[in-house]
Amino acid sequence: MMSKFYLFIVIFAVVNLSHQLYLPGLAPVVYCSASLPSDNHNTICKNEVKLYVNRLDSEESFLPYEYHHFDFCEPEDDMKVVDPVENLGQVVFGERIRASPYNISFGNKESCRKVCTKQYTKNDKDNNQKKLKFLKKNIGLNYQQHWIIDNMPVTWCYPVDEKQNYCSTGFPIGCYVDKNLEKKNACVIDPLFNTKDTYYVFNHLHLIITYYEQQEDKASYIISINAQPRSIDHGNTATMTTCNLDSIHPMAIQLNTDFDITYSFSYEFVEDKTTKWSSRWDYILNSMPHTNIQWFSIMNSLVIVLFLSGMVAMIMLRTLHKDIIRYNQMDSVVGSSRRGR
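Note that the coordinates shown come from a computational prediction; the quantities given were computed from them, not determined experimentally.

(A) Representation of the sheet that holds strand β7 (residues 147-149) in the model. With antiparallel pairing, the four strands of this open sheet are ordered in space as β4-β1-β7-β8. Edge positions in the sheet fall to β4 (98-105) and β8 (152-153), since each of these pairs with one other strand and no more. Sheet topology note: the β7/β8 ladder contains two bridges and is antiparallel. Paired with I149 across the two strands is M152, which belongs to β8.

(B) Spotlight on the pattern of salt bridges. Across all of its chains, the model carries eight salt bridges by this definition. Taking the shortest distance from any N to any O, the salt bridge between K184 and D178 comes out at 3.9 Å. Exposure remark for K184: the relative accessible area of 30% places this residue in the partly exposed category. Classification of D178 as buried rests on a relative accessible area of 10%. Among the charged side chains, a salt-bridge network with shared partners connects D178, E182 and K184.

(C) Molecular detail of the layout of surface pockets. Roughly 1000 Å³ of volume is contained in the largest pocket. What lines the largest pocket is a set of 33 residues, among which Y52, I148, D150, N151 and M152 lie closest to the centre. At the level of secondary structure, the elements contributing two or more residues to the lining of the largest pocket comprise β1 (48-53), β7 and β8. Looking at the lining of the largest pocket residue by residue, the classes come out as 18 nonpolar, seven polar and eight charged. Counted as a void, the second largest pocket has a volume near 400 Å³. In terms of lining residues, the second largest pocket is bounded by 20 residues, among which E59, N142, Q144, Y158 and S168 are the most central.

Criteria and thresholds
Residues numbered from 1 in each chain as written. Predicted model: local features only at pLDDT ≥ 70, side-chain atom pairs only at ≥ 80, totals over all residues. Heavy atoms only, no water. Pairing = 2+ DSSP bridges. Helix = DSSP H or I, 4+ residues; strand = E, 2+ residues; numbered from the N terminus. Salt bridge = Lys/Arg side-chain N within 4 Å of Asp/Glu carboxyl O. Buried < 20%, exposed > 50% of the residue type's maximum accessible area, 1.4 Å probe, protein only. 1 Å grid on protein atoms, 1.4 Å probe; cavity = no way out; pocket = protein on both sides within 12 Å on 5 of 7 lines; lining within 4 Å. Points joined across faces, edges and corners; volume = space filled by probe spheres on them. Nonpolar A, V, L, I, M, F, W, Y, C, P; charged D, E, K, R; others polar.

This is the structure:
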């Protein structure tokens, strides 16, 4: 009777724990506009959309960098930000997720917001020129930023042919036009990058955040985040009120002179009535090129696994066989000694 009672207690504890268990990233986050009255929705929703930054990497270099290695905008000291804790898989893959100074309110539209201004002086007292040279070097290596919103990567989509777009889970920090006026990497997307031997920095980012809204309770879920990097020479940032995305003056890096880079961003929310939260990863997966299955590599790996497993099994059998014979001999010796008594 007591054993059944203990079994009931264990089952009850497991069931109760399962209701309290929550794995981050598996449950959808509900958002709603701040202008929406609280009695219009039945669930707890958020208005602040948190944007996190991740490491920077490049296909042309094996060395990743954390976000703070570059002279980008970082949260100010008076901003109450908390860096998220990476899980084991993120740590193993070298991801370093940090808080960002970019503030986004759900449902709003921001035409231009200045984030920070980085100043570089020619006298180089504070190693500013070294930071600028480091940025210039890694623009040439096509380093990519990786941002995260609502556990989704901020993607950069661009056409690869007439019928298909490719969506990358990162966006470049800049581009380069060589001495022969050949545009490298992302410089091909804009005809304004036309000065030879020039490095352009993408100092403005426009975010298009797509969401799906349920008609029953007006709860909204973020579906995708598309980034459009731009290089804009803001000029006098003291009087800057808007970001001219069609500016004819991109931001070209200049060394050995007094030089400022103003970082800014804008965003807008677009409703998508067809894509639900459960299918929000499909547009990234569908944009990837479909490669043929490498059956030879699969069979090769399978044969190696079977061969190694067979070797381990043979070693274990030989070891256990000797141990079993030894134990049987000991039992026979003990049995004969008892009979002798």
